[in-house]
Amino acid sequence: MDLTKIIIKEVPSILTVYQKRGNQSEMKDRQWYGLSFTHNGQITYTQNGKKFVSDKSNAVILPKGGNYSLFCNKEGTFPVINFECDFLTDTVTLIPMQNVDIVFSEYDKLKNMYIHQNNHLALMSIFYNMLYHITVSSKNSRSFSDIIEFIENNYSDEISNEVLAEKCNMTVEHFRKQFAKTYGISPMQYVINVRINMAKQMLLEEKIKISEISEKCGFSNPYHFCRLFKKKTGITPTSYMEKNKSYKI
């Protein structure tokens, strides 16, 4: 399926769903097409006896009018973009994920645009860019795979451009330019995005204080964490926790 060729007519809703391991549910006559993916969980969709596993490597298209069941194999948060277009598919369809980190960065922009601004053209532009990066591979993004893995494994530690550039055997200036060219954001903004995404996970999974989440995610203090979280998501950590716990795919 070539997602870069579809014509999007409408994006009725954008949400991030939290699923605990073992959760299961049934979908009957789905109202819209849906695009769902994950950063750190896993869901198995079953339709007409056939199973489709959505994880970090595979996004999933959920069919308009479709009937299917889902089972959460591994708990996590699952972005879901509901959209309207001409006929796309009548079955659950897996889409191998390219450029995962770019896609998540674009999703954050998309959700913020949807929540805070009534700008249809800008929202569509971001969504089309996401679809492009989901399906089109990038040589540059593969070259930074070790750096991305390092950030994801060490997000709670102090990370600087100097540290990352040294790991790439690049000058700091060259590293920053190449990273921004590949991912559309600076290395430090990428680090912040990873920390915010991990904070989102902790807010929905763990019954711990905001100050502890702030420390675990590598922020200098709770105030700094709350300010950045609201800037990125449009709501406070507490509001995010309360709003997203009730969402369902």
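See above for the structure.
Conventions used here
Residues numbered from 1 in each chain as written. Predicted model: local features only at pLDDT ≥ 70, side-chain atom pairs only at ≥ 80, totals over all residues. Heavy atoms only, no water. Pairing = 2+ DSSP bridges. Helix = DSSP H or I, 4+ residues; strand = E, 2+ residues; numbered from the N terminus. Expected span 1.5 Å × (residues − 1). Buried < 20%, exposed > 50% of the residue type's maximum accessible area, 1.4 Å probe, protein only. Axes fitted to C-alpha atoms, helices over the stretch in contact; angles between N-to-C directions. Salt bridge = Lys/Arg side-chain N within 4 Å of Asp/Glu carboxyl O. Phe/Tyr/Trp six-rings, centres within 6.5 Å; stacked < 30°, edge-to-face > 60°. Contact = heavy atoms within 4.5 Å.

1. Some points on the pairing of strand β7 (residues 68-74)
Point 1. Taken together, the 4 bridges between strand β2 (residues 24-27) and β7 define a ladder with antiparallel strand orientation. Bridged to S25 within β7 is L70.
Point 2. Relative to β7, strand β4 (residues 42-47) runs antiparallel, the two being bridged by 5 bridges. Bridging across to β7, I43 finds its partner in C72.

2. Examining helix α1 (residues 100-116)
Point 1. Between its first and last C-alpha atoms α1 spans 24 Å; for 17 residues at 1.5 Å apiece the expected length is 24 Å, and the two agree.
Point 2. Counting buried positions along α1 gives 13 out of 17 residues, so the element sits mostly inside the fold.

3. Remarks on the sheet that holds strand β5 (residues 50-54)
Point 1. Strand order across the open sheet formed by 4 strands is β2-β7-β4-β5, with antiparallel pairing between neighbours. Sheet topology places β2 and β5 at the edges, where each strand pairs with a single neighbour. Taking the axes of each pair of neighbouring strands and ignoring which way they run, one obtains an average angle of 25 degrees across the sheet.

4. Quick notes on the pattern of salt bridges
Point 1. This model, assessed by the stated rule, comprises 6 salt bridges.
Point 2. Close ionic contact of E84 with K64 constitutes a salt bridge, the shortest N to O distance being 2.9 Å. Within this pair, whereas E84 is found in strand β8 (residues 76-85), its partner K64 is found in the loop between β6 (58-62) and β7, the two being separated by 20 residues in sequence.
Point 3. We classify K64 as partly exposed; its relative accessible area is 38%.
Point 4. A salt bridge links E173 to K177, with the nearest nitrogen and oxygen atoms 3.3 Å apart.

5. Details of the packing of aromatic side chains
Point 1. Evaluation of the coordinates by the stated rule reveals 10 aromatic pairs.
Point 2. On the basis of an interplanar angle of 75 degrees and a centroid distance of 5.6 Å, the ring pair of F179 and Y190 is categorised as edge-to-face. Here F179 is found in helix α6 (residues 172-183), whereas its partner Y190 is found in helix α7 (residues 187-205), with 11 residues between them in sequence.
Point 3. Ring geometry for F225 versus F229: centroids 5.7 Å apart, planes at 65 degrees, classification edge-to-face. Placement of the pair is F225 and F229 together in helix α9 (residues 222-233), with a separation of 4 residues, close to one helical turn. As far as the burial class goes, F225 and F229 line up, both buried.
Point 4. One aromatic cluster is present, formed by F219, F225, F229 and Y240 through successive ring pairs.

6. What about the pairing of strand β9 (residues 93-96)?
Working note: regular strand, side chains alternate between the two faces of the sheet.
Point 1. Of the two faces of β9, the one lined by T93 and I95 is fully buried and the one lined by L94 and P96 carries no buried residue.
Point 2. Bridging between β6 and β9 involves 4 bridges; their strand directions are antiparallel. Each bridged residue has a counterpart across the sheet, and for V60 the counterpart in β9 is L94.

7. Some details on the environment of K230
Point 1. Position of K230 among the secondary structure elements: in helix α9.
Point 2. Among the residues examined, K230 registers a relative accessible area of 46% and is labelled partly exposed.
Point 3. The sequence separation of K230 and I196 amounts to 34 residues, and the corresponding C-alpha distance is 9.9 Å.

8. Considering the sheet that holds β9
Point 1. The sheet built from 5 strands is open, its strands ordered β1-β8-β3-β6-β9 with antiparallel pairing. The two strands at the open ends of the sheet, each matched to only one other strand, are β1 (8-19) and β9. Across the sheet, the axes of successive neighbouring strands diverge by a mean angle of 25 degrees, strand direction being ignored.
Point 2. In this sheet, β8 lies alongside β1 in antiparallel orientation, the contact comprising 9 bridges. Paired with Y18 across the two strands is T77, which belongs to β8.
Point 3. Across the face of the sheet, helix α2 (residues 120-135) comes into contact with β1, β3 (33-36), β8 and β9 while running at roughly 65 degrees to β1.
Point 4. Sitting on the sheet, α7 is in contact with β1 and β8, with an inclination near 105 degrees to β8.

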